[in-house]
Amino acid sequence: MDGSSVILQQFSLILEKLHYVDLVLLFWLLRCKLVAVMAEVDRIIRPGGKLIVRDESTTLGEVETLLKSLHWEIIYSKIQEGMLCAKRGKWRPDSIALS
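What counts as what
- Residues numbered from 1 in each chain as written.
- Predicted model: local features only at pLDDT ≥ 70, side-chain atom pairs only at ≥ 80, totals over all residues.
- Heavy atoms only, no water.
- Helix = DSSP H or I, 4+ residues; strand = E, 2+ residues; numbered from the N terminus.
- Areas by Shrake-Rupley, 256 points an atom, 1.4 Å probe, with all protein chains shown as cover.
- Axes fitted to C-alpha atoms, helices over the stretch in contact; angles between N-to-C directions.
- Parallel < 35°, antiparallel > 145°, perpendicular 65-115°, else oblique.
- Left-handed = near helix turned anticlockwise from the far one by under 90°.
- Contact = heavy atoms within 4.5 Å.
- Core = buried A, V, L, I, M, F, W, Y, C linked by side-chain atoms within 4.5 Å.
- Buried < 20%, exposed > 50% of the residue type's maximum accessible area, 1.4 Å probe, protein only.
- Polar contact = N/O pair within 3.5 Å; in protein donor to acceptor, adjacent residues only side chain to side chain.
- Expected span 1.5 Å × (residues − 1).
- Salt bridge = Lys/Arg side-chain N within 4 Å of Asp/Glu carboxyl O.

Now for the overall build of the protein. Scanning the protein from terminus to terminus reveals 4 helices and 4 strands. About 6,600 Å² of surface is accessible on the protein, with carbon and sulfur atoms providing 57% of the total.

Here it is in C-alpha cells:
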C-alpha cells in the first residue's frame, strides 16, 4: 500500500461528511493524481449523493469527463466560473481491470 492510499483512507470520513471537495486543497494535501482522487470520491459518495467541485476550468473539464465516464449526472456546470455539481448514480462496472 503506497502513501497516497493511506492518506486517501484518512480523508474518506471527512469527504463523506462534507459532501464537497475543494480539489485544489485536496491535490495539495494528498499529492495525488486527479484520477485517484475521483476514484476515491466515487467510492465514498453513496448513490444519489452530490459533489460540488470548485477549481480552475482546466481541472473542472477533466473532472466532468471523469464523472461522466463513471455515469454521474452533471447537475450544474459553470466551468468558466469555476464550479461543477454532480449527482452519483447507481451504476457500477461489470468488471474491473487489474493493472
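That shown, we press on.
Take the packing of helix 3 (residues 34-44) against helix 4 (residues 57-69) next. The interhelical angle for the contact between helix 3 and helix 4, taken along N-to-C directions, is 50°, at an axis separation of 11 Å. One way to sum up the angle between helix 3 and helix 4 is to call them oblique. Considering how the two elements wind past one another, helix 3 and helix 4 form a crossing that is right-handed. Judged by residue contacts, Leu34, Val35 and Met38 of helix 3 engage Thr59, Glu62, Val63, Leu66 and Leu67 from helix 4.

A word on the nonpolar core. Core analysis: the biggest nonpolar cluster contains 14 residues, and Met38, Val41, Leu51, Val63, Leu67 and Trp72 have the highest contact counts within it. Elements represented by at least two residues in this core include exactly helix 3, strand 2 (50-54), helix 4 and strand 4 (83-87). Of all the elements, helix 3 adds the most residues to this core, at 4 residues.

In this structure, Arg88 sits in the segment after strand 4. In this structure Arg88 comes out as buried when scored by relative accessible area, which is 7%. Excluding residues within four positions of it along the chain, Arg88 makes contact with Asp42, Ile45, Arg46, Pro47, Gly48, Gly49 and Trp72. A polar atom in the side chain of Arg88 sits 3.2 Å from the backbone oxygen of Asp42.

The subject of this paragraph is helix 4. Given a rise of 1.5 Å per residue, 13 residues ought to cover 18 Å, and the 18 Å separating the end C-alpha atoms of helix 4 matches this to within 8%. Residue His71 follows helix 4 closely and has a positive phi angle near 65°.

The residue Leu70 is located in the loop between helix 4 and strand 3 (73-78) in this model. Leu70 sits 31 residues away from Ala39 along the chain, and the two C-alpha atoms are 9.0 Å apart. In this view, Leu70 contacts Met38, Asp42 and Trp91; residues no more than four positions away in its chain are not counted.

All right, on to the pattern of salt bridges then. Tallying each qualifying case throughout the model produces 3 salt bridges. Close ionic contact of Glu40 with Arg43 constitutes a salt bridge, the shortest N to O distance being 2.7 Å. Of this pair, Glu40 and Arg43 both sit in helix 3, 3 residues apart, which is roughly one turn of that helix. Measuring nitrogen to oxygen at the nearest pair gives 3.3 Å for the salt bridge that ties Asp42 to Arg88. Of this pair, Asp42 sits in helix 3 while Arg88 sits in the segment after strand 4, and the two are 46 residues apart along the sequence. Like Arg88, Asp42 is buried.

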